[in-house]
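# Survey of secondary and tertiary structure
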Amino acid sequence: MAGALFSAEVLYREPEFEHEALIPCIIASTTAYSLFGAVTGWQALLVTPRFVFQQPLELFSFLVLGIFCAAMGVVYVKSFYGLRDLFKKLNMPPAH
């Protein structure tokens, strides 16, 4: 379903999807997943080890990781839009 919604989202800028785009995307996504599962099998492709929450002190490391990831997200967004604005100021002709 995520693939179907993503493909419809790529076609339209507005968050409201038209059913003319959404229904074929859902059908194509369901068909592709069914064919993939029939060929490769239905077991998980990536096996992860079993993680067990043991102590409440582990939450502090997750808090630090969350704050770090949030900060890196802010840095990424600021640098992305900063570079975009920098290249707009260069006044170069568009590439064809």
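What you see is a predicted model; the values in this text were computed from it and never measured. (Residues numbered from 1 in each chain as written. Predicted model: local features only at pLDDT ≥ 70, side-chain atom pairs only at ≥ 80, totals over all residues. Heavy atoms only, no water.)

If you tally the helices and strands in the protein chain, you get three helices and zero strands. Secondary structure elements of the protein chain occur, N-terminal to C-terminal, as α-α-α. Here the C-alpha radius of gyration of the protein chain, 22 Å, is well above what a compact globule of 96 residues would show, namely 12 Å. Across its three principal axes, the protein chain shows a C-alpha extent of roughly 55 × 50 × 25 Å. Here the protein chain holds 6 positive side-chain charges and 7 negative ones, and the gap between their average locations is 14 Å. (Helix = DSSP H or I, 4+ residues; strand = E, 2+ residues; numbered from the N terminus. Rg over C-alpha atoms; globule rule 2.2 N^0.38 Å. Lys, Arg positive; Asp, Glu negative; His and termini not counted. Charge placed at Lys NZ, Arg CZ, Asp CG, Glu CD.)

This brings us to unusual backbone geometry. Peptide bonds are mostly trans, and most non-glycine residues show a negative phi. Phi at Asn91 is positive, roughly 60 degrees, even though this residue is not glycine. Here Asn91 shows up in the segment after α3 (58–89).

A separate point is a nonpolar patch on the surface. Together, Phe53, Leu59, Phe62, Leu65, Phe68, Met72 and Val75 make up a nonpolar patch on the protein surface, roughly 730 Å² of accessible area in all. You can see Leu59 is positioned in helix α3. (Patch = residues over 30% accessible without salt bridge, like charges linked within 9 Å, V, L, I, M, F, W, Y side chains within 5 Å. Areas by Shrake-Rupley, 256 points an atom, 1.4 Å probe, with all protein chains shown as cover. Salt bridge = Lys/Arg side-chain N within 4 Å of Asp/Glu carboxyl O.)

Right, let's talk about the packing of aromatic side chains for a bit. This model, assessed by the stated rule, comprises three aromatic pairs. Taken together, the ring pairs in this structure connect Tyr76, Phe80 and Tyr81 into an aromatic cluster. (Phe/Tyr/Trp six-rings, centres within 6.5 Å; stacked < 30°, edge-to-face > 60°.)

Here we come to the confidence of the model for the protein chain. Residues at a pLDDT of 70 or more form 93% of the protein chain, whose mean pLDDT is 86. By mean pLDDT, the top-scoring element of the protein chain is α3 (95), and the lowest-scoring one is helix α1 (residues 2–11) (73). (pLDDT = per-residue confidence, 0-100.)

With that settled, consider the pattern of salt bridges. Enumeration according to the criterion identifies one salt bridge in this entry. Here Arg84 makes a salt bridge to Asp85, at a shortest N to O gap of 3.3 Å. What makes Arg84 partly exposed here is its relative accessible area of 39%. (Buried < 20%, exposed > 50% of the residue type's maximum accessible area, 1.4 Å probe, protein only.)

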